Amino acid sequence: QVQLVESGGGLVQSGGSLRLSCAASGFTFDRYYIGWFRQGPGKEREGVSCIKSSDGSTYYADSVKGRFTISRDNAKNTVYLQMNDLKSEDTAVYYCAAASKPTTYYMHPEGYDEWGQGTQVTVSS
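All of the points below concern the structure found in this document. (Residues numbered from 1 in each chain as written. Predicted model: local features only at pLDDT ≥ 70, side-chain atom pairs only at ≥ 80, totals over all residues. Heavy atoms only, no water.)

### Overview of the state of the cysteines
Part 1: Within the structure shown, the criterion is met by 1 disulfide.
Part 2: Across the disulfide from cysteine 22 sits cysteine 96; the S-S distance is 2.0 Å. Here the disulfide of cysteine 22 and cysteine 96 is left-handed, its torsion about the S-S bond being about -75°. A residue pair is termed long-range when its members are at least 10 positions apart, and cysteine 22 in strand β3 (residues 18-24) and cysteine 96 in strand β9 (residues 92-99) qualify at 74 residues. The pair formed by cysteine 22 and cysteine 96 is uniform in burial state, with each residue classed as buried.
Part 3: The closest cysteine sulfur to the non-disulfide-bonded cysteine 50 is located on cysteine 96, 11 Å from its own sulfur.
Part 4: On the basis of relative accessibility, which here comes to 0%, the residue cysteine 50 falls in the buried class. (Disulfide = S-S within 2.5 Å. Helix = DSSP H or I, 4+ residues; strand = E, 2+ residues; numbered from the N terminus. Buried < 20%, exposed > 50% of the residue type's maximum accessible area, 1.4 Å probe, protein only.)

### Comments concerning the packing of aromatic side chains
Part 1: In total, this model carries 6 aromatic pairs according to the counting rule given.
Part 2: Between tyrosine 33 and tyrosine 106, the aromatic rings sit 5.1 Å apart at their centres with planes inclined by 20°, giving stacked as the arrangement. Of this pair, tyrosine 33 sits in strand β4 (residues 33-39) while tyrosine 106 sits in the loop between β9 and β10 (114-115), and the two are 73 residues apart along the sequence.
Part 3: Ring geometry for tyrosine 59 versus tyrosine 106: centroids 4.8 Å apart, planes at 45°, classification tilted. With tyrosine 59 in strand β6 (residues 58-60) and tyrosine 106 in the loop between β9 and β10, this residue pair connects regions lying 47 residues apart in the sequence.
Part 4: By relative accessible area, tyrosine 106 is classed as partly exposed at 26%.
Part 5: Lying across the ring of tyrosine 95, arginine 45 places its NZ or CZ 3.8 Å from the centre.
Part 6: The lysine or arginine in question, arginine 45, covers the ring of tryptophan 115, its NZ or CZ lying 4.8 Å from the ring centre. (Phe/Tyr/Trp six-rings, centres within 6.5 Å; stacked < 30°, edge-to-face > 60°. Lys NZ or Arg CZ within 6 Å of the ring centre and 35° of its normal.)

### Points about the environment of glycine 66
Part 1: By the secondary structure assignment, glycine 66 is in the loop between β6 and β7 (68-73).
Part 2: Taking the C-alpha atoms as reference, glycine 66 lies 20 Å from serine 124; in sequence the two are 58 residues apart.

Such coordinate-based values are descriptive only and should not be taken to indicate function.
What follows is the structure, given as structure tokens:
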């Protein structure tokens, strides 16, 4: 079982940037997807972005497309989420997750079975 640890959250003003990191304790090579999810106050957890392990294909929620970029460093077993032009509606706890089994739900929490502890992102207006 892969263990995931998120870092990089914090407080930022609207229009600012943050980079989140997801460090894995073991290989993610055999995981099908690594994804970023977020959960704002009183909201359900939603998919933000994910990357397909086999070929590096990336996917984004419409709300973050053009502002966020997911990437990976295989040598460091780390996945990143670069967040630019942050908005108040981006405020949430951000989670890194891994899908250990094949899934069509690669942008949905139900497709993932390994989760980090979350890191808080707060965007002030």
